[in-house]
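For reference, the chains in residue letters:
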Amino acid sequence: MIGIDKINFFTPNTYIDLVTLAKHRGIDPDKFTIGIGQAKMAVPTITQDTVSMGANAAFPILDKEDLNKIDLVVVGTETGIDESKSAASFIHQLLNIHPFAKAIEIKQACYGATAGLMMAQDFIKAHPGRKALVIGSDISRYGLKTSGEVTQGAGAIAMLVSENPRILALEDTSVSMTESIFDFWRPNYSDTAIVDGKFSNEAYINFFKTIWHEFSKQTELSFEDFKAFCFHLPYTKMGKKALLPLLENESDEIKELILHHYNLSTTYTRDIGNIYTGSLYLSLMSLLDSDAHSLKDNDLIGLFSYGSGAVGELFYGRLVKGFENHLLKKEHQTSLENRYALSIDEYETIFNKVLPKEDGIHPLSEAKFDNSLFYLSSITNHQRHYSKRQ
Ligand code: CAA
């Protein structure tokens with residue numbers, strides 16, 4: 001048995017309330033809160049990037065033994081901070097993982113962390129007794145006053161993958177699919193993503209439908225075999241749009257159970273926004289932290305990963321006995337409760353403050369809100385330097 005032994009997320013401690021944003025933009029707030037299904041959106045200060053957020057997500061779940069047993073560190077991201085050096089190499093150092101591990105970065109839009117998880121599963125199979133750290137870390141940016149603005153966000157997830165996992169044991173069969181399309185992409189010269197919004201929704205829905213049919217053929221599993229499905233959630237309504245047409249012919253009981261668990265899986269995303277590579281795993285944490293009494297050991301959970309461009313994968317795992325004792329529910333909820341609500345002015349100022357493309361920068365002096373453990377403290381000699389709060 002190989003799977004997720006520990007799991008955590010990090011999101012910056014600054015956010016914008018989306019009712020406030022809707023009113024300011026002259027949009028009916030119901031469009032954001034009901035039509036899109038989002039309530040709050042994480043907005044990172046300039047001191048948080050893919051590396052610092054990834055380290056902040058991973059640090060709380062790793063003990064000394066883990067640091068000595070992790071031989072593979074994979075960071076999935078589509079908002080990396082260097083075209084050559086991996087975010088994983090920085091994080092490997094910040095976390096003090098032993099020197100004989102390999103640390104790499106993977107890219108395929110929001111699918112990257114899932115590619116990392118699959119790689120970790122194979123790696124542990126080949127190296128029994130060892131561990132792998134998988135991180136998904138991103139800042140989602142479409143731009144102020146764009147139709148994608150309400151679907152931005154920022155955050156990271158970290159998963160420790162090992163034998164005899166204490167949370168979710170992964171099954172071997174999964175179905176993935178690739179098609180080269182332009183639904184969402186970001187050329188190297190752009191700080192914001194380009195998106196064909198309607199087409200991206202259609203592509204996501206079509207990927208889930210096509211993959212589900214192939215998956216149910218290969219595994220001979222149907223909806224009634226699953227307790228819940230978690231989705232990559234660019235916004236909380238997206239997974240439901242893909243799920244509903246496929247539930248049409250199911251009994252009311254099955255439909256109700258799957259949709260009940262779906263709703264529980266969307267709580268964190270509703271208050272954070274799209275965190276790209278980490279999104280699916282944020283949904284999983286949201287579901288597990290919800291204390292759903294209907295969930296018990298051995299239940300099957302389906303997981304649908306989608307990365308524009310596009311790659312999708314449907315895989316599944318079994319809840320492990322006692323999984324509820326290994327979650328960081330309280331810490332997750334406290335971190336969300338203790339965030340600072342930005343005014344519109346603060347939000348727009350922070351959003352526009354991108355790092356200048358020059359050397360000798362000390363972003364710490366720019367960010368009064370950030371109190372995270374790891375943060376970007378300077379860029380000198382064209383090198384990013386991170387600090388850890390004592
Ligand atoms: N009250 C209640 N609901 C309202 C409303 C109101 N006053 N006004 C509008 N709505 C509803 C609409 O009916 C619509 O509902 P349905 O989707 O169920 O039909 C919903 O609100 C959204 O309205 P629009 O379609 O008019 O919204 P939009 O054109 O402004 O764009 C969006 C929405 C396409 C999601 C846009 O925000 C966007 O492009 N986001 C980025 C791309 C994205 O997230 N794509 C998702 C799939 S791609 C992916 O998953 C990868 C990834 O992470 C990016």
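All of these numbers come straight from a predicted model, not from anything done at the bench.

Reading guide: rules and limits
Along each chain, residues carry numbers from 1 onward, in the same order as the chain's sequence is written. Only residues with pLDDT of at least 70 get local features here, since the model is predicted, and only at 80 or more are side-chain atom pairs given and counted; chain-wide, interface and lining totals rely on the full set of residues. Only hydrogens and water are removed before side-chain values are computed, so all heavy atoms of the structure are retained for them. Strands are runs of DSSP state E lasting at least 2 residues, helices are runs of H or I lasting at least 4, and numbering of each runs from the N terminus. Pairs of residues are marked as contacts when any of their non-hydrogen atoms sit within 4.5 Å. Calculation of accessible area relied on Shrake-Rupley with a 1.4 Å probe; when residues are assessed, cover is drawn exclusively from the protein chains displayed. By the counting rule applied here, Lys and Arg register as positive and Asp and Glu as negative, while His and the ends of each chain are not counted. By convention, the charge on Lys lies at NZ, on Arg at CZ, on Asp at CG and on Glu at CD. By convention in this text, a residue qualifies as near a molecule or strand provided that one of its non-hydrogen atoms is within 4 Å of it. Between N or O atoms, a polar contact is any pair within 3.5 Å; within protein, one atom must be a potential hydrogen donor and the other a potential acceptor, and residues adjacent in sequence are included only when both atoms are from side chains. Each residue receives one of three labels: charged for Asp, Glu, Lys and Arg, nonpolar for Ala, Val, Leu, Ile, Met, Phe, Trp, Tyr, Cys and Pro, and polar for the others, Gly being one of them. Delimitation of the domains relies on an automatic or database domain assignment. UniProt positions are given in the numbering used here, feature names are shortened, and annotations may be inferred rather than shown by experiment. What counts as a ring pair is set by centres within 6.5 Å for rings of Phe, Tyr and Trp (its six-membered ring), and what kind of pair is set by the plane angle: stacked under 30 degrees, edge-to-face over 60, tilted for all other angles. Buried means the residue's accessible area, taken with a 1.4 Å probe over protein chains only, is under 20% of the maximum for its type, while exposed means over 50%, and partly exposed covers the values in between. Note on geometry: a ring has a charge over it if NZ (lysine) or CZ (arginine) is within 6 Å of the ring centre and within 35 degrees of the ring normal. Strand pairing follows a simple DSSP-based rule, namely that at least 2 bridges must link the two strands. The salt bridge criterion pairs a side-chain nitrogen of Lys or Arg with a carboxyl oxygen of Asp or Glu, the two atoms within 4 Å.

**Q** Quick question: what am I supposed to make of the overall build of the chain here?
**A** Of regular secondary structure, the chain possesses 13 helices and 17 strands. Each of the three principal axes of the chain carries a C-alpha extent, and together these read 60 × 55 × 40 Å. Counted over contacts in the chain with a minimum sequence separation of 6, partners at least 24 positions apart contribute 75%. Here the chain has roughly 16,600 Å² of accessible surface; of this, 48% comes from carbon and sulfur atoms. Measuring between centres, the 38 positive side-chain charges of the chain sit 3 Å from its 49 negative side-chain charges.

**Q** What exactly am I supposed to notice about the site of the ligand here?
**A** Residues in contact with the ligand amount to 26 residues; listed here are only the nearest, Lys-31, Ser-147, Lys-198, Lys-237 and Lys-241. The contact in question runs from an oxygen atom of the ligand to an N or O atom on the side chain of Lys-241, over 2.4 Å. Protein chains shield 74% of the accessible area of the ligand, which is 1,100 Å² for the free molecule. Mapped onto the shell around the ligand, the elements with two or more residues apiece are helix H2 (29-36), helix H7 (197-219) and helix H8 (237-247). In terms of residues, the shell around the ligand owes the most to one element, H7, which gives five residues. Taken together, the residues of the shell around the ligand break down into ten nonpolar, ten polar and six charged. Split by domain, the residues of the shell around the ligand number at least three in each of domain 1 (2-167 + 327-388) and domain 2 (168-322).

**Q** It is not clear to me how the UniProt feature "domain: Hydroxymethylglutaryl-coenzyme A synthase N-terminal" (unreviewed entry) in the chain should be interpreted in this structure. Could you clarify?
**A** What UniProt calls "domain: Hydroxymethylglutaryl-coenzyme A synthase N-terminal" (unreviewed entry) maps, in this numbering, to residues 2-163. For residues 2-163, the helix share is 34%, the strand share is 30%, and the end-to-end C-alpha distance is 4 Å.

**Q** What is the right way to look at the packing of aromatic side chains in this model?
**A** The relative placement of two aromatic rings is captured by the distance of their centres and the angle of their planes. If you walk through the whole model with that rule in mind, you get 24 aromatic pairs. Summarising the aromatic geometry, the rings of Phe-226 and Phe-229 are spaced 4.7 Å apart at their centres and angled 40 degrees between planes, so their arrangement reads as tilted. Across the pair, Phe-229 and Phe-226 agree in class, each one buried. Plain terms: the ring middles of Phe-231 and Tyr-262 are 5.8 Å apart, the flat faces sit at 75 degrees to each other, and that makes the pair edge-to-face. On the criterion of sequence distance, the pair formed by Phe-231 in strand E12 (residues 228-231) and Tyr-262 in helix H9 (residues 252-265) is long-range, its members being 31 residues apart. Ring-pair connections join several aromatic residues into one group, and the members of that group are Tyr-204, Phe-207, Phe-208, Phe-231, Tyr-262, Phe-304 and Tyr-306. Residue placement shows Lys-85 over the ring face of Phe-90; its charged tip is 4.4 Å from the ring centre. Stacked on the ring of Phe-351, the Lys or Arg Arg-141 has its end atom at 3.9 Å from the ring centre.

**Q** Just checking my understanding: could you explain the pairing of strand E17 (residues 383-388) for this structure?
**A** If a strand is regular, its side chains alternate between the two faces of the sheet. Summarising the sheet, strand E16 (residues 374-380) and E17 pair through six bridges and their orientation is antiparallel. Across the sheet, Ser-378 pairs through a bridge with His-385, a residue of E17. Hairpin remark: E16 followed by E17, antiparallel, with two residues in the connecting loop; positive phi at Asn-381, about 55 degrees.

**Q** What should I look at first to understand the pattern of salt bridges in this one?
**A** Working definition: two side chains of opposite charge can pair if their charged atoms are close together. Here the structure, examined in full by the defined rule, presents 14 salt bridges. For Asp-66, the salt bridge goes to Lys-131, with nearest N and O atoms at 2.8 Å. With Asp-66 in helix H4 (residues 64-69) and Lys-131 in strand E6 (residues 131-140), the pair connects residues that are 65 residues apart, well separated along the chain. Assigned by exposure class, Asp-66 and Lys-131 land together as buried. A cluster of three or more residues bridged by salt bridges with shared partners is formed by Lys-6, Asp-63, Asp-66 and Lys-131.

**Q** Just to check I follow, could you spell out the side chain of Arg-339 for this structure?
**A** Relative to the assigned elements, Arg-339 resides in the loop between helix H12 (329-337) and strand E15 (340-341). Buried charge Arg-339 goes without a salt bridge, the closest partner of opposite sign being Asp-271 at 5.0 Å. With residues up to four places along the chain from it excluded, the contact list for Arg-339 reads Thr-11, Pro-12, Asn-13, Tyr-15, Lys-40, Ala-42, Asp-271 and Ile-272.

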